[in-house]
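Coordinates in review
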Amino acid sequence: FSCVDAELTMKRMMLATSLGLAALVLGACGPESATPGAPTRTERTPYEMQILEWRAERVKELTKPVGWLSLVGMHWLDVGSTRVGSATDNGTRLAVGPPHLGVLKLTRDGTLSFTPEPGAGVAIDGQPAAGTVRLTADGDPATPQTVVSFNKGDASFVVINRGDRFALRVRDALAPSRSSFSGIRYFDIDPSFRFKARFTAHKAGSTIEIINVLGMVEPMANPGTVTFERDGKAYTLEAVDEGDHRLFLMYADRTSGHDSYPASRYLYAEYPDAQGNTIVDFNKGYNPPCAFTDFATCPLPPLGNRLDIAITAGEKKP
């Protein structure tokens, strides 16, 4: 069972079954198998199998119908009304969908509403649309983001809120970026890049200003730092809490712009135990959505999270 066979098998599985399972097949014959003396599929350690399973789940999330690979547009909104659809006479012209989808209205206080075009086949949160509806943007964990779907459910848009601006984010499950996806490249699995790290808490309620790829600055909850050591040197990362009580780490390193994505990679760690310890596993470092699409607003690492070390673990650049 050669790596060429594995790649052919993956392509067939992408057509016939789930993309996540195909990634697991290819993961077993990725860069590691080209290394002399590397363990074969049957010789994988429990830790390596854990990372391969994590990779498969990651690809499954990335390639789902509403995943990042299905994005086909991002349209910033101005205060007032705009007609939405794929025809040229729309104020907000979409890359997919019926010629006229409806009219969206944004007020100065940030209230959003949408009036579907009769016969456009629009559904709101999975239910057939009936008259004008109020739309909820992202950013509020207590209130689900409104999904406006069309094209028999294959396409949709949501509203995102960045700073004081709003935009439509448009998805198409049939987008070539999703249907032609060929997988993720990885560094070799390296257990030495799995660290027991020390968490140091900041003052309760602390925030840190994070710049995104569009140059917008947003304050994010900053519960503390995590510090790990390699070759006798300590490295510290500022952690962000996105509201799910996990430590979100954005970092760049000496591989950035070379083997890994230039802007950053991301990583999650659990909140610390009673002794202030957590695990930082760079084998689970992954590319931001901006590595795969132009229609994302990825946050960038704070200055202190640009590490003077080559982290040769996790995902490589696409």
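Residues numbered from 1 in each chain as written. Predicted model: local features only at pLDDT ≥ 70, side-chain atom pairs only at ≥ 80, totals over all residues. Heavy atoms only, no water.

**Looking at the state of the cysteines**
Under the definition given, this model contains 1 disulfide. There is a disulfide in this structure between Cys290 and Cys298, and the S-S distance comes to 2.2 Å. On the sign convention where negative means left-handed, the S-S torsion of about 115° between Cys290 and Cys298 marks this disulfide as right-handed. The exposure class of Cys290 is buried, given its relative accessible area of 13%. We classify Cys298 as buried; its relative accessible area is 4%. (Disulfide = S-S within 2.5 Å. Buried < 20%, exposed > 50% of the residue type's maximum accessible area, 1.4 Å probe, protein only.)

**Digging into the pattern of salt bridges**
The tally for this structure, following the rule as stated, stands at 9 salt bridges. When the shortest N-O distance is used, the salt bridge between Arg165 and Asp78 registers 3.9 Å. On the criterion of sequence distance, the pair formed by Arg165 in strand S11 (residues 165-172) and Asp78 in the loop between strand S1 (71-76) and strand S2 (80-85) is long-range, its members being 87 residues apart. On the basis of relative accessibility, which here comes to 33%, the residue Arg165 falls in the partly exposed class. (Salt bridge = Lys/Arg side-chain N within 4 Å of Asp/Glu carboxyl O. Helix = DSSP H or I, 4+ residues; strand = E, 2+ residues; numbered from the N terminus.)

**Quick word on the nonpolar core**
Ranked by internal contacts, the top residues of the largest apolar core, which has 25 residues, are Leu101, Leu104, Leu112, Phe114, Leu135 and Phe157. Dropping the residues within four chain positions of it, Leu135 is found in contact with Leu104, Leu112, Ser113, Phe114, Thr146, Val148, Phe157 and Val159. (Core = buried A, V, L, I, M, F, W, Y, C linked by side-chain atoms within 4.5 Å. Contact = heavy atoms within 4.5 Å.)

**Topic: helix H3 (residues 46-62)**
Residues that lie three or four places apart on an α-helix share one face, since the helix turns once every 3.6 residues. The terminal C-alpha atoms of H3 lie 24 Å apart, and with 17 residues this matches the ideal 24 Å at 1.5 Å per residue to within 8%. Three or more residues of H3 are buried, namely Tyr47, Glu48, Ile51, Leu52, Arg55, Ala56, Arg58, Val59 and Leu62. (Expected span 1.5 Å × (residues − 1).)

**A few points about the side chain of Thr82**
With respect to the helices and strands, Thr82 occurs in strand S2. Beyond its immediate chain neighbours, meaning those up to four positions away, Thr82 contacts Leu77, Gly91, Thr92, Gly102, Val103 and Leu104.

**Digging into the confidence of the model for the chain**
Looking at the chain as a whole, the pLDDT averages 89, with 87% of positions reaching at least 70. When the criterion is pLDDT under 50, residues 1-39 qualifies, and its contacts beyond four places in sequence or with other chains add up to 50 contacts. (pLDDT = per-residue confidence, 0-100.)

**Remarks on unusual backbone geometry**
With phi around 60°, Lys152 is a residue other than glycine that occupies positive phi space. Relative accessible area serves as the criterion here: at 87%, Lys152 is assigned to the exposed category. The backbone phi angle of Asp231 is positive, close to 50°, even though this residue is not glycine. Along the polypeptide, Asp231 turns up in the loop between strand S15 (224-230) and strand S16 (233-239). Accessibility expressed as a relative area gives 76% for Asp231, which makes it exposed.

**As for the environment of Arg306**
Relative to the elements of secondary structure, Arg306 occurs in the segment after strand S19 (277-281). Its relative accessible area of 43% is what places Arg306 among the partly exposed residues. Every residue in contact with Arg306, bar those within four places of it in the chain, is listed here: Ala252, Ala263 and Pro301.

**Some remarks on the packing of aromatic side chains**
According to the stated counting rule, one finds 14 aromatic pairs in the structure shown. Pairing Phe248 with Tyr266 gives two aromatic rings, centres 4.9 Å apart and planes at 75°, and the pair type is edge-to-face. Here Tyr266 lies in strand S18 (residues 265-270) and Phe248 lies in strand S17 (residues 246-251), a separation of 18 residues in the sequence. Three or more aromatic residues joined by ring pairs make a cluster, and in this case those are Phe193, Phe195, Phe228, Tyr235, Tyr251 and Phe282. The ring of Phe193 has Arg230 sitting right over it, with the charged end atom 4.0 Å from the ring centre. (Phe/Tyr/Trp six-rings, centres within 6.5 Å; stacked < 30°, edge-to-face > 60°. Lys NZ or Arg CZ within 6 Å of the ring centre and 35° of its normal.)

**Points about the sheet that holds strand S4 (residues 102-106)**
Sheet architecture is open: 5 strands sit in the order S3-S2-S4-S5-S8, paired in mixed fashion. Each edge of the open sheet carries a strand with a single partner, namely strand S3 (92-93) and strand S8 (133-135). Examined bridge by bridge, S4 and strand S5 (residues 112-116) share 5 bridges and lie antiparallel to one another. The residue bridging Leu104 from the neighbouring strand is Phe114, located in S5. (Pairing = 2+ DSSP bridges.)

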